[in-house]
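# Summary of the model geometry
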Amino acid sequence: DAMVIQNPRYQVTQFGKPVTLSCSQTLNHNVMYWYQQKSSQAPKLLFHYYDKDFNNEADTPDNFQSRRPNTSFCFLDIRSPGLGDAAMYLCATSREEQGGGTDTQYFGPGTRLTVL
Amino acid sequence: AQSVSQHNHHVILSEAASLELGCNYSYGGTVNLFWYVQYPGQHLQLLLKYFSGDPLVKGIKGFEAEFIKSKFSFNLRKPSVQWSDTAEYFCAGYNTDKLIFGTGTRLQVFP
């Protein structure tokens, strides 16, 4: 089945120790998103890739970076995790036409990050 | 500010009760609206979506939603809930290229 896969499902890191979360998709979608979701809150968009074009949200901290080496994979790098970065990180994909922003987003299961 | 708001943060029902979860959006222009469900320990799944056409949208698992433009609303309904509907429900809408989520409604259904 076509899907969005996130690894690992659970990640524990130490305060200040860099961590990388990965997302892969078999849907061949051209747009990939990273969201942060804290307990009992709505998912918050961090950034997204439209093809190879990176789009950062204005309020995403510099501590968060992303890479998309190819269509199928996207990575979230947290350079120096703080206690406040503990959250569920969701990856999503969609198929967008030029100037899109309208199609359904398909979500992965998420990676729960714990910062000690 | 452009936003999507959900009125009910926590809803508790007995099985077979009817459900209506409120959702309002605060922006104009082209409106594309979604309801997502997140079952315990699982990922966000699409329940239904509205882009255009018939304002009454049917989704999976017996859910439906009605888009009422005059009220800026997109409420989710189900005539008879089941224990398995226990989950978190998120309303979301696109404004330009960004999907905006409501804060979610936690539904608990007791047998």
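It should be noted that the structure appears before, not after, this text.
The structure contained in this document is the topic of the report that follows. (Residues numbered from 1 in each chain as written. Chains lettered and ligands numbered in written order. Predicted model: local features only at pLDDT ≥ 70, side-chain atom pairs only at ≥ 80, totals over all residues. Heavy atoms only, no water.)

For the rest of this paragraph, the subject is the pairing of strand β12 (residues 105–110) of chain B. All names here are of chain B. Burial along β12 is one-sided: Thr105, Leu107 and Val109 are buried, while Arg106, Gln108 and Phe110, pointing the other way, are not. Pairing of strand β2 (residues 10–14) with β12 involves five bridges; the strand directions are parallel. Bridging from a neighbouring strand, Ile12 pairs with Gln108 of β12. Relative to β12, strand β10 (residues 87–95) runs antiparallel, the two being bridged by three bridges. Bridge pairing links Glu88 to Arg106 in β12. (Buried < 20%, exposed > 50% of the residue type's maximum accessible area, 1.4 Å probe, protein only. Helix = DSSP H or I, 4+ residues; strand = E, 2+ residues; numbered from the N terminus. Pairing = 2+ DSSP bridges.)

On to the packing of aromatic side chains, then. For the structure on display, the rule yields 19 aromatic pairs over all chains. Both rings, one in Tyr35 of chain A and one in Phe101 of chain B, keep their centres 5.8 Å apart while their planes meet at 90 degrees; by these two values the pair is edge-to-face. One end of the pair, Tyr35 of chain A, is in strand β4 (residues 31–37); the other, Phe101 of chain B, is in strand β11 (residues 98–101), on a second chain. Judged by its relative accessible area of 9%, Phe101 of chain B falls in the buried class. Geometrically, the ring pair formed by Tyr49 of chain A and Phe54 of chain A is tilted, given 5.1 Å between the ring centres and 55 degrees between the ring planes. (Phe/Tyr/Trp six-rings, centres within 6.5 Å; stacked < 30°, edge-to-face > 60°.)

A few words on the interface of chain B and chain A. Facing the 20 residues of chain B at the interface are 23 residues of chain A. When the two sides are added together, the surface that chain B and chain A hide from each other amounts to roughly 1,600 Å², 52% of it contributed by carbon and sulfur. For the interface between chain B and chain A, the tally reads one salt bridge. Linking Lys98 of chain B and Glu57 of chain A is a salt bridge whose minimum nitrogen-to-oxygen distance equals 2.8 Å. (Contact = heavy atoms within 4.5 Å. Buried area = accessible area lost by both parts, 1.4 Å probe. Salt bridge = Lys/Arg side-chain N within 4 Å of Asp/Glu carboxyl O.)

In the segment running from Asn7 of chain A into Pro8 of chain A, the intervening peptide bond is cis, with an omega of -15 degrees. Of note, Pro8 of chain A is situated in the loop between β1 (4–7) and β2 (10–13). The residue Asp51 of chain A is not glycine, and still its phi comes out positive at about 55 degrees. Examined against the element boundaries, Asp51 of chain A turns out to sit in the loop between β5 (44–50) and β6 (53–56). Taking the relative accessible area as the measure of exposure, Asp51 of chain A reaches 39% and is therefore partly exposed. A positive phi angle, near 80 degrees, is found at Ala16 of chain B, a position not held by glycine. Mapped onto the elements, Ala16 of chain B comes out in the loop between β2 and β3 (19–21).

For Leu46 of chain B, the position within the fold is in strand β6 (residues 44–50). Taking the C-alpha atoms as reference points, Leu46 of chain B and Ile60 of chain B, 14 residues apart in sequence, are found 8.5 Å from one another.

Under the counting rule described, the total for this entry stands at two disulfides over all chains. Each disulfide pairs two cysteine sulfurs, and for Cys23 of chain A the partner residue is Cys91 of chain A, the sulfurs being separated by 2.0 Å. What sets the handedness of the Cys23 of chain A and Cys91 of chain A disulfide is the S-S torsion sign, and at about -75 degrees it is left-handed. On the criterion of sequence distance, the pair formed by Cys23 of chain A in strand β3 (residues 19–25) and Cys91 of chain A in strand β9 (residues 87–94) is long-range, its members being 68 residues apart. Residue Cys23 of chain A is classed as buried on the basis of its relative accessible area of 1%. Across the disulfide, Cys23 of chain B is cross-linked to Cys91 of chain B (sulfur-sulfur distance 1.9 Å). As the torsion about the S-S bond is roughly -65 degrees, the Cys23 of chain B-Cys91 of chain B disulfide counts as left-handed. Taken together, the residues Cys23 of chain B in the loop between β3 and β4 (24–25) and Cys91 of chain B in strand β10 connect sequence positions 68 residues apart. (Disulfide = S-S within 2.5 Å.)

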